[in-house]
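One-letter residues, chain by chain:
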Amino acid sequence: MRRVTIFGATGSIGENTVDLIARRPEAYEVVALTGGRNVARLARQAMALRARLAVTCHPECHADLREALAGTGIETAAGPDALIEAADRPADWVMSGIVGAAGLAPGFRALRHGSTLALANKESLVTAGPLLMAEARAHGATILPVDSEHSAVFQGLVGEDIAAVERIVITASGGAFRDWPLERLADATLAEASTHPNWAMGQRITIDSASMFNKSLELIETREFFGVEPSRIEVVIHPESLVHALVGFRDGALMAHLGPPDMRHAIGYALNWPERADLPVARLDLAAIGQLNFHAPDPRRYPALALARQVMETRGLAGAAFNAAKECALDAFIAGRIGFTDMARVVEAALDSLAGDPGLGIPAENLDTVFAMDHLARVRAGEAVRALTART
Ligand code: NAD
Ligand code: MG
């Protein structure tokens, strides 16, 4: 029996993970599931998978969770400390499926126990890549990428020498507004930004796909996970979202990974690694698909990409600052305080204001340094939001 824990079980990644685990109940022992305010869903999942522990990150939701699981024998807990305690319970395989910087601490802690960490939470690598990779090495833990692009690259590298890699190309759908006239972007609404042409995902990553902040995070994630120079990492728009990534080798070969836009492939690959197992994903009918399209991203439409290049240049704590400023800008957009195109302005202003701070390019010593930069960047981004709202 494989012991598994799922952080962010109630989210989009979490539900896909639960789906795969539930198909083979005899193979897994579920140590812990965590979620947020959706305690009814969390309780349902915990009962279906016979989990030992269910944790909500919100203390004020604990009573509801306890009530929903009364008489089942499933333990309950709440709050950020309870997430760390859940990470301390021995598990062989841990899904890091929380959204945002909040996913860093529990995943990081799980590495201490030598678990295999299936990493959907890209923010962990963006904010603390070198620390996370070093922690895994120190404890003999394994990190497996679950972002579809990074899983695709990982699969393309099996049996290959990373020194022979000339380039890595990650694809982007272009998001909700890829065909909109540029001048309309400023007026894009929350509802319009919250739809994705190909993937069904959580709201935050869906909006980040429209602004290309998601791909910006993924550029940094690629750099941190695979250790390749930023100049070797490319982004190409591929509207069909069927080619997830390509790996180019020194002999000119370009290996592509194709599959339907279904996260159960990348999650299932990480769950069964190093083996492959049957997965309930559709098989592509290439003749029916007919054609695949690619084009270069327009820097005016997607200013987030240039910001990510700048962050990769600075390194150190710049990733933590970038992510935190982005989260703050996204919160402000969701709250209706700023417009869609203001998000990149806010992030740029926060990074500019931190550029004078000598700490930005310094490698993070520990997670506390990362959290301190995260906090500072949110303050600066908050100031930028206020400056923008004062003007309008
Ligand atoms: P989601 O919003 O659907 O779910 C997020 C989960 O995290 C929920 O269980 C929620 O309760 C929990 N959560 C939210 N805030 C929390 C906090 N402060 N503390 C503890 N738990 C908290 O998000 P998602 O789309 O499943 O994305 C999860 C992660 O996976 C993100 O990092 C995202 O970038 C990455 N990812 C998602 C997809 C996808 O298809 N959804 C694809 C690739 C990568
Ligand atoms: Mg992705």
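Since we're looking at a predicted model, the values are computed, not measured.

Help me understand the coordination of the magnesium ion (ligand 2), please; the structure alone is not making it clear to me.
In a perfect tetrahedron of four donors around a metal, the angles come out at 109.5 degrees. In a perfect octahedron of six, they are 90 or 180 degrees. Around the magnesium ion (ligand 2), the protein supplies Asp 147 (OD), Glu 149 (OE) and Glu 218 (OE) as donor atoms, at distances of 2.1 to 2.3 Å. Sequence spacing of the donor residues for the magnesium ion (ligand 2), all on one chain, is D-x1-E-x68-E. Like Asp 147, the residue Glu 149 is buried in the burial classification.

When you look at the nonpolar core in this model, what are you seeing that I'm missing?
A general tendency of soluble globular proteins is for nonpolar side chains to be buried together. Counting residues in each nonpolar core, the largest one holds 132 residues, and the members touching the most others are Leu 33, Met 95, Val 146, Phe 322, Ile 338, Phe 340 and Met 343. When residues of this core are assigned to their parent elements, the largest contribution, eleven residues, is made by helix H14 (residues 318-334).

Hey, could you run me through the environment of Asp 88 in this one?
With respect to the helices and strands, Asp 88 occurs in the loop between helix H4 (80-87) and strand E5 (93-96). Distance in space between the C-alpha atoms of Asp 88 and Leu 111 is 9.4 Å, their sequence separation being 23 residues. Every residue in contact with Asp 88, bar those within four places of it in the chain, is listed here: Arg 109 and His 113. A distance of 2.9 Å separates the side chain of Asp 88 from the side chain of Arg 109, its partner in a polar contact.

Teacher, can you tell me more about the sheet that holds strand E2 (residues 28-35) here?
Either a parallel or an antiparallel arrangement is found when strands of a sheet pair, and the pairing is made through backbone hydrogen bonds. The sheet built from seven strands is open, its strands ordered E4-E3-E2-E1-E5-E6-E7 with parallel pairing. Because the sheet does not close on itself, it has two edges, and the strands there are strand E4 (75-78) and strand E7 (142-145). Across the sheet, the axes of successive neighbouring strands diverge by a mean angle of 20 degrees, strand direction being ignored. Two strands pair when backbone bridges link them, and strand E3 (residues 53-56) and E4 are joined in this way by four bridges, in the parallel orientation. The residue bridging Val 55 from the neighbouring strand is Ala 77, located in E4. This element, H4, spans strand E1 (2-7), E2, E3 and E4 of the sheet and lies at about 150 degrees to E3.

Criteria and thresholds
Residues numbered from 1 in each chain as written. Chains lettered and ligands numbered in written order. Predicted model: local features only at pLDDT ≥ 70, side-chain atom pairs only at ≥ 80, totals over all residues. Heavy atoms only, no water. Donors = N, O, S within 2.8 Å, 3.2 Å for Na, K, Ca; no water. Buried < 20%, exposed > 50% of the residue type's maximum accessible area, 1.4 Å probe, protein only. Core = buried A, V, L, I, M, F, W, Y, C linked by side-chain atoms within 4.5 Å. Helix = DSSP H or I, 4+ residues; strand = E, 2+ residues; numbered from the N terminus. Contact = heavy atoms within 4.5 Å. Polar contact = N/O pair within 3.5 Å; in protein donor to acceptor, adjacent residues only side chain to side chain. Pairing = 2+ DSSP bridges. Axes fitted to C-alpha atoms, helices over the stretch in contact; angles between N-to-C directions.

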